[in-house]
Amino acid sequence: MKTEEKISNGVNIPPRYDPKETEDKWYKIWEEKGYFSARVNPDKKPFSIVIPPPNVTGMLHMGHALNNTIQDILIRYMRMKGYETLWMPGTDHAGIATQNVVEKKIAKEGLRRQDLGRDKFLEEVWSWRQEYGSTIIHQLKKLGSSCDWERIRFTMDEGYSKAVLEVFIHLYKKGLIYRGRRIINWCPRCQTALSDEEAPHKDLDGHLYYIKYPLKQTSPVKKSKAKKQKDDFVLVATTRPETMLGDTAVAVNPKDKRYKHLIGETVILPLMEREIKIIADNFVDTSFGTGAVKVTPAHDPNDYQMGLNHNLEIINIMEHDGVLNSNAGDYQGMDRFEAREAIINDLGERKLLEKTTPHLHSVGHCYRCSTVIEPYLSWQWFVNMKPLSLPAIEAVKKGVIKFYPKRWTKIYLNWMENIRDWCISRQIWWGHRIPVWYCVDCGIKKGKIKEVESGPDKSKSYVIRDPDAIVAHEAPDKCGTCGGNNLIQDEDVLDTWFSSWLWPFATFGWPHQASAQSKQKNELEYFYPTSVLVTAPEIIFFWVARMIMAGFEFRGKKPFSDVYIHGTVRDDTGKKMSKSLGNVIDPLEIINEYGSDALRFSIMSLTSAGQDVNLSKNKFEYGRNFANKVWNAARFIIMNLDSEKINSDVCLCSKKIDNLPERWILSQFYGLLEKLEKSFKQYKINEASKLIYDFFWHDFCDWYLEFSKLTISDPDTQIVLYRVLEKILRFMHPFLPHLTEEVWSNLPQREGLIINAPWPKMQKELVSKTADKQMQLIIDLITSIRNIRGEWRIPPGAEIECIMKVTDKNIKKIINDNRRYLQKLAGISEVKILEKITKVKSSASGVIGKIDFYIPLADVIDLAKEKERLLKQVDSFRLQLKGLEARLKNKQFLKKAPPQVVESEKEKSKELAGLIKRVCDNLEALRQ
RNA sequence: GGGCGGUUAGUUCAGUUGGUUAGAACGUUUGAUUUACAUUCAAAAGGUCACAGGUUCGAGUCCUGUACCGCCCACCA
């Protein structure tokens, strides 16, 4: 009913903004009308962003919400600024993650992927992706993301896969990709190799086990050499006792006096009863543990290196799943951790476990499933990264690519300068299969391939060492050496990041046919390098650094100019949001409850550039309330507009507007425009959102709209209300796209949709310091009078009188011109301006600038209380003055401080002294 | 072991190239409701800017160190 009554101007706008009514509606219109699509346009400058492709298994979380809101704001902002904007969307096939999901799914039917076989299993994955793969895309749309969806890419698309193969072959031919036998990070659960980046180290409370390795009794000569020491055994310390089963030496530092005499001696490896040598190696740190280290070449990278150096036997004791194999003697068939306990037990029983101490150490974990990584010796494919890193280092050092905030530069460079070879082969099925074939016949002949039977069905498979590789785009027909056609393809697939690092150009269809000047080729030329990459700190090494290397290697150009690294989304106690902690806030729930715009606005305002953000659900009220405020202010204006009066294209700067509030709000608006530009340039988007919020809520609504109510039908007020509203809506559009589009559609005069409206242009002539200053005086007066009303509990209905003492003619004019505003907003019945005031009895008083004002309050005033109030004021003034005077007495200050600072200090102190005197006079008057 | 970030009002956070009365939001207190909005309006209270030194006429801001919290990196058997 309330709504019905308020219909005015023929418009009916509900008093409460309902996002549900508008968000999907406008998104559909934008998408259908093609506002998100970008094409080569030589008349415009390009602005492009490639989305960090979410995992195809992904569900929208707050991190995505933050990441994509930032990108959408930048895209919408630049679109309005007249750039040809492209936001390239897509998803990542996420090898291990996706395979895990599908494996879990078929496990419900009691199946393992091996039961299906490779081809069948991949079919399952593809059909899973068909069904669920666009979930995250729908969710991104709910957020309002203005991606060019016609271009959506997937890292397993046919074209994209070609790029991956091309790159593999290119690097192989260049000698940068090789197959090698190395200790890599092995996840026994996912049963694949991982790169160093995929095995983050976490501190774990473990133990250091001190184990006695008995010395084999040798010649008595040597034994006597040892002082009093009982050389019955060598004590070694280890955190992973189960690996001792694969020990093939004990190492000591050659300089270590404790052990010098034992070098070359033999010890008996407990439990296995194997004779192993004591070797000397500089690697051994004399200060750690006992100074003697067990050497397990197959299960520790350092030990492996020592094994190579000393030509030690390499004994692998473990299967792919972390279960000990036949090399583990009695422990065969036990899981690695089960074996650890058994071994400790057995050693204890044999009195070979000297002691166990608690030991905090850092252990690698699988970044997909958190299983403890096993350093594992195997044949894998690697990329030699060093040569690729050089241009990538230089580009960042020279500022060709800039990080925001700057501090990430150092972190990037540190990693890049210490870059290590990248293990790119994965023992999974979902991914880009390595384009390498081997000739079985040649391989067997050379002893590089062994045929084995495995599985219950005794099917044939091959153990491949390092036979000659045939690297090709397509499966070759026959072996180039023997002409045979018994060829097998490498079983492994490539690391998912081996495809992601090509994202900025592979999404444009690279590599293109050399022949034609294809459309895609033009697009790549036009949109690449992209403008900015917006991402989270976790993937600087995984992705950002590698994209930079790939950009230079394959395109000869940087992939992007700026890298904006935003913070991590945390819960209100500062913990990272994660499903396992159960502290996630679901963005979709927030969208449902508060609206997508509220989510966007809140998260952006709360996140200062590059800083982590702590969220709790109630914080989204901030954006919801703001959206509602915008809605209602617009509602008020629209209902009061007279379309004839606003029907004017006149430039506001040429139109003479005299009224102070109008001049002031225009001045504020264009001041805001300038500040916004600055904030955007530095990616300080939260600053921009706060500027808009403050201007709109406080300057525009709290002050200007209230002022405007007095002159609402004046043509000047009408024009200013309308123009400022429609322009501020444009500022808001990147943050609140749906709401602003809806409000825009309610404006009586508008062109097209706001998504395409040009960003307002600066009009310097409208920025007026005079207007700002004059208005500030009026605002201060009103605030001061309101304060008195509050202090004296004067009911809002009660009108009071205000007597002002003003001598300055200009100020008198300002007050006179604007007295109606004072009366209305401070609730004053009459403003009397006098040049001299002899005495105002029983009144509250105040001093604002050059004005003394008095409010007679005979009925309510408590003189003692008023005295106290004034005294408090004087005290605060005096305190300030004291500081100022001290400074002005300081000769150093007068000598060294810039003259304008000294000058302004002098002025201030004069002003303060004046104020103090006037308040004191008022106090004196109270006494009489 | 190395590096980075943080420490400002009860809470969550801003704070430009150092400039003198350190801001906001939420919460609290007081008052307001027929006339855009209670998802509102007006007003108030609330801070020795983690600590200790230093540079400077002047430090929340720059430098050094300390403490606590968080993060990243490292071949810590």
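You'll find the structure just up there.
Nothing here was measured: the structure is a model prediction, and the numbers come from that model.

Parameters at a glance
- Sequence order sets the numbering: in each chain, residues are counted from 1 along the sequence as written.
- Labels are handed out in written order, letters beginning with A for the chains and numbers beginning with 1 for the ligands.
- Under the rules for a predicted model, residues below a pLDDT of 70 receive no local features and side-chain atom pairs below 80 are neither given nor counted, while totals for whole chains, interfaces and linings still include all residues.
- The side-chain values count all of the structure's non-hydrogen atoms but skip hydrogen atoms and water molecules.
- Should DSSP find at least two bridges between two strands, the strands are regarded as paired.
- A run of H or I in DSSP counts as a helix once it spans at least four residues, and a run of E counts as a strand once it spans at least two, with each numbered from the N terminus.
- Lines fitted to C-alpha atoms define the axes, with helix axes restricted to the stretch in contact, and inter-axis angles between N-to-C directions lie between 0 and 180 degrees.
- Among buried residues, those of type Ala, Val, Leu, Ile, Met, Phe, Trp, Tyr and Cys that are joined through side-chain atoms within 4.5 Å constitute a nonpolar core.
- Exposed residues in this analysis have more than 50% of their type's maximum accessible area, buried residues have under 20%, and partly exposed residues fall in between, with area computed by a 1.4 Å probe over protein chains only.
- Whether two residues are in contact is decided by their heavy atoms, any of which lying within 4.5 Å being enough.
- Small angles under 35 degrees read as roughly parallel and large ones over 145 as roughly antiparallel, with 65 to 115 read as roughly perpendicular and the rest as oblique.
- Residues are grouped as follows: nonpolar covers Ala, Val, Leu, Ile, Met, Phe, Trp, Tyr, Cys and Pro; charged covers Asp, Glu, Lys and Arg; every other residue, Gly included, is treated as polar.
- Expected span of a helix: the number of residues minus one, times 1.5 Å.
- Here, a salt bridge means any Lys or Arg side-chain nitrogen found within 4 Å of an Asp or Glu carboxyl oxygen.

Attention now goes to the sheet that holds strand β13 (residues 353–364). Pairing in this open sheet of three strands is antiparallel, and the strands run β8-β7-β13 from one edge to the other. Each edge of the open sheet is held by one strand with a lone partner, namely β8 (233–238) and β13. Averaged over all neighbouring strand pairs, the angle between strand axes comes to 20°, with direction disregarded. Of the pairings in the sheet, the one linking strand β7 (residues 201–214) to β13 comprises eleven bridges and is antiparallel in character. Pairing of H207 across the sheet is with P358, part of β13.

Moving on to the nonpolar core. Within soluble globular proteins, side chains that are nonpolar tend to cluster in buried spots. Counting 203 residues, the largest nonpolar core has M62, F498, W501, L502 and F700 as its most contacted members. In terms of residue count, helix α24 (residues 685–708) provides more of this core than any other element does, 13 residues in total. Discounting residues that sit within four places of it in the chain, L502 has contacts with Y160, A163, V164, V167, T507, A550 and F554. V252, I278, M318 and L347 belong to the second-largest nonpolar core, a separate cluster that totals 36 residues.

The next point concerns the packing of helix α23 (residues 660–681) against α24. At a minimum axis distance of 10 Å, the contact between α23 and α24 shows a crossing angle of 175°. As summarised for this structure, α23 and α24 are arranged roughly antiparallel, according to the angle between their axes. Across the interface between the two elements, P661, E662, W664, I665, Q668, F669, L672, K675, L676, S679 and F680 from α23 touch E687, A688, L691, I692, F695, D699, F700, W703, Y704 and F707 from α24. Taken together, the residues of the contact of α23 with α24 sort by class into 15 nonpolar, two polar and four charged.

This paragraph deals with the sheet that holds strand β5 (residues 177–187). One open sheet holds the four strands; their spatial order is β6-β5-β14-β16, and the pairing between them is antiparallel. At either end of the open sheet lies a strand with only one pairing partner, and these are β6 (192–194) and β16 (422–423). In this fold helix α10 (residues 301–310) packs onto β5 and β14 (374–383), with an angle of close to 135° to the strand it touches most, β5.

Turning our eyes to something else, we now look at α23. For α23, spanning 22 residues, the distance from its first C-alpha to its last is 32 Å, which sits close to the expected 32 Å at 1.5 Å a residue. Y683 lies just past α23 and shows a positive phi near 60°.

Here we come to the pattern of salt bridges. In the structure shown here, the tally under the stated rule is 52 salt bridges. Ionic pairing is found between K141 and E31, a salt bridge with its closest N-O pair at 3.1 Å. With a gap of 110 residues between them, K141 in helix α7 (residues 135–142) and E31 in helix α2 (residues 19–32) connect regions that are remote in the sequence. On the accessibility criterion, E31 (30% relative accessible area) is partly exposed. Among the ionic pairs, K448 bridges to D466, the shortest N-O distance being 3.0 Å. Of the two residues, K448 sits in the loop between α14 (440–446) and β19 (449–454) while D466 sits in the loop between β20 (459–464) and β21 (470–471), which places them 18 residues apart along the sequence. Owing to a relative accessible area of 25%, K448 belongs among the partly exposed residues under this scheme. Here the salt bridges do not stand alone but share partners, grouping R240, D300, R336 and E374 into one network.

As far as function goes, none of this settles anything; it's purely spatial.
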